[in-house]
Amino acid sequence: MSANVNTIEKSMPEAVPSELPYKRVLLKMSGEVLMGPNEFGLHPETVARVARDIQEVVDMGVQVCVVVGAGNIFRGVSGASQGMDRTAADHMGMLGIVINALCLQNALEEIGVQTRVQSAIRMDEICEPYIRRRAIRHMDKGRVVIFAAGTGNPYFTSDTGASLRASEMNCDLIAKGTKVDGVYNADPMKDTSAVRYEKVSYMDVLTKDLKVMDATAISLARDNQIPIAVFNIREEHNFSNIVKGEGTFTIVGD
Ligand code: UDP
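Each residue is numbered by its place in its chain's sequence as written, counting from 1. Reporting in this predicted model follows two pLDDT cut-offs: at least 70 for local features of residues, and 80 or more for side-chain atom pairs to be given and counted; totals over whole chains, interfaces and linings ignore these cut-offs and use all residues. By convention in this description, side-chain values take in all heavy atoms of the structure and omit both hydrogens and water.

## What to know about helix 7 (residues 158-168)
Residue pairs spaced three or four apart in an α-helix point in one direction, given the helix's 3.6 residues per turn. For the exposure calls, accessible area comes from a 1.4 Å probe over protein chains only, and a residue counts as buried if that area is under 20% of its type's maximum, exposed if over 50%, partly exposed in between. What counts as a helix is a DSSP run of H or I of at least four residues, what counts as a strand is a run of E of at least two, and both are numbered from the N terminus. Of all 11 residues that make up helix 7, nine are buried, and the element is covered over most of its length. Within helix 7 the residues assigned to the buried category are S158, D159, T160, G161, A162, S163, R165, A166 and S167. On its buried side, helix 7 packs onto strand 1 (24-29), strand 2 (63-68), helix 5 (86-110), strand 5 (144-148), strand 6 (173-178) and helix 9 (215-223). Note on helix 7: the residue one or two positions beyond its end, N170, has a positive phi of about 55 degrees. Throughout, a residue-residue contact means that at least one pair of heavy atoms, one from each residue, lies within 4.5 Å.

## Quick notes on the pattern of salt bridges
The term salt bridge refers to a pairing of a side-chain nitrogen on Lys or Arg with a carboxyl oxygen on Asp or Glu at a separation within 4 Å. Taken as a whole, this structure holds 15 salt bridges when the rule is applied. A salt bridge links K28 to D159, with the shortest nitrogen-to-oxygen separation between them at 2.8 Å. Here D159 lies in helix 7 and K28 lies in strand 1, a separation of 131 residues in the sequence. For K28, a relative accessible area of 2% puts it in the buried group. Among the residues examined, D159 registers a relative accessible area of 10% and is labelled buried. We note a salt bridge from K211 to D209, for which the minimum N-O separation is 3.0 Å.

## Focus: the pairing of strand 9 (residues 250-253)
Residues T250 and V252 line one face of strand 9 and the alternating positions I251 and G253 line the opposite face, and both faces are buried. At least two DSSP bridges between two strands are needed for those strands to be called paired. Judged from the three bridges that link them, strand 7 (residues 199-201) and strand 9 form a sheet pairing that is parallel. Residue pairing across strands places S201 opposite G253, the latter belonging to strand 9. Judged from the three bridges that link them, strand 8 (residues 228-232) and strand 9 form a sheet pairing that is antiparallel. Across the sheet, residue I228 finds its bridge partner in strand 9, namely V252.

## Comments concerning the packing of helix 7 against helix 9
Close contact between helix 7 and helix 9 brings their axes to 7 Å; oriented N to C, the two are set at 15 degrees. In terms of orientation, helix 7 and helix 9 fall into the roughly parallel class. Helix-helix and strand crossings are classified by hand; for helix 7 and helix 9 the assignment is left-handed. On helix 9, the residues touching D159, T160, S163, L164 and S167 of helix 7 are T216, A217, L220 and A221. Across the contact of helix 7 with helix 9, the residue classes break down as four nonpolar, four polar and one charged. To obtain an axis, a line is fitted to C-alpha atoms, over the contacting stretch when the element is a helix, and the angle between two such axes runs from 0 to 180 degrees between their N-to-C directions. Any angle from 65 to 115 degrees is called roughly perpendicular, while one under 35 is roughly parallel, one over 145 is roughly antiparallel, and all others are oblique. By definition, turning the near helix anticlockwise from the far helix through less than a right angle yields a left-handed crossing, and turning it clockwise yields a right-handed one. Three classes are used, and their members are as follows: Ala, Val, Leu, Ile, Met, Phe, Trp, Tyr, Cys and Pro are nonpolar, Asp, Glu, Lys and Arg are charged, and the others, Gly among them, are polar.

## What to know about the packing of aromatic side chains
Centre distance within 6.5 Å is the pairing criterion for rings of Phe, Tyr and Trp, where only the six-membered ring of Trp is used; planes under 30 degrees apart are then read as stacked, over 60 as edge-to-face, and the remainder as tilted. What the rule picks out here adds up to two aromatic pairs. Note on Y130 and F147: the rings are 5.6 Å apart at their centroids and 75 degrees apart in plane angle, and the pair reads as edge-to-face. Linking Y130 in the loop between strand 4 (128-129) and helix 6 (132-140) with F147 in strand 5, this pair joins segments that are 17 residues apart in sequence. Note on accessibility: Y130 and F147 belong to one class, buried. Note on F231 and F239: the rings are 6.2 Å apart at their centroids and 15 degrees apart in plane angle, and the pair reads as stacked. Here F231 and F239 have matching classes, each one buried. Remark: a charge is flagged as sitting over a ring if the NZ atom of Lys or the CZ atom of Arg is within 6 Å of the ring centre and within 35 degrees of the ring normal. When the ring centre of Y130 is taken as reference, the NZ or CZ atom of R165 above it lies at 3.5 Å. The ring of F147 has R165 sitting right over it, with the charged end atom 5.7 Å from the ring centre.

Below, the structure written as structure tokens:
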């Protein structure tokens, strides 16, 4: 391992304030976030609001990378349940992720945030291929890197893609933006007595099947000791709040 590699991995922009708990954060959001109040597809106002939330964190001097899913467009399992070949359906799901990534890139660039989309499936005319060292370099320069096409493999999810990229990027945190403000002991949408955990262990998420992320994603985050902050991304400013360690969220850790 050369000194050069360490320099690439550890170098951070000078602007990072030392008091912030996190220096490099991966934001994971499901595709459904981007459809806002609609039933399907993309809701431009919501995408623009998410872009502003990301900008707030970039402006704090924190390095940001993003993984989106494609639940607003197509999920492989639903295609397979209707008789499609699972691999073909998953390829379609991954292409849906690329659509979402390009939409988010456009919204970020409209407000002056520099971005790069890197896809796990090559499509050179549209975006960069995934290259780890190049992604780190982009973030060092203050660019937001949007990782598209999940892991590039069928039978995986974008949550697992998020854990994988967060591990490769040495992220300090996975910020998992959801519909609710943390992890509960029951579904808070259905059960009014549901209680939110402040902190929950990776093991509890796995053994109690707490629906934070799928088991592969949780195991990977656990193996690489990356905490996961589960928060409500539907409310403005929540992303920057959790990066400051403020607001309401659940931390998944040891
Ligand atoms: N997908 C895949 N491999 C991956 C990531 C995603 O095949 O590494 C496909 C899979 O079909 C999945 C779809 O892309 O259903 C969209 O991802 P996901 O369901 O995780 O999206 P989200 O629920 O986060 O919106």
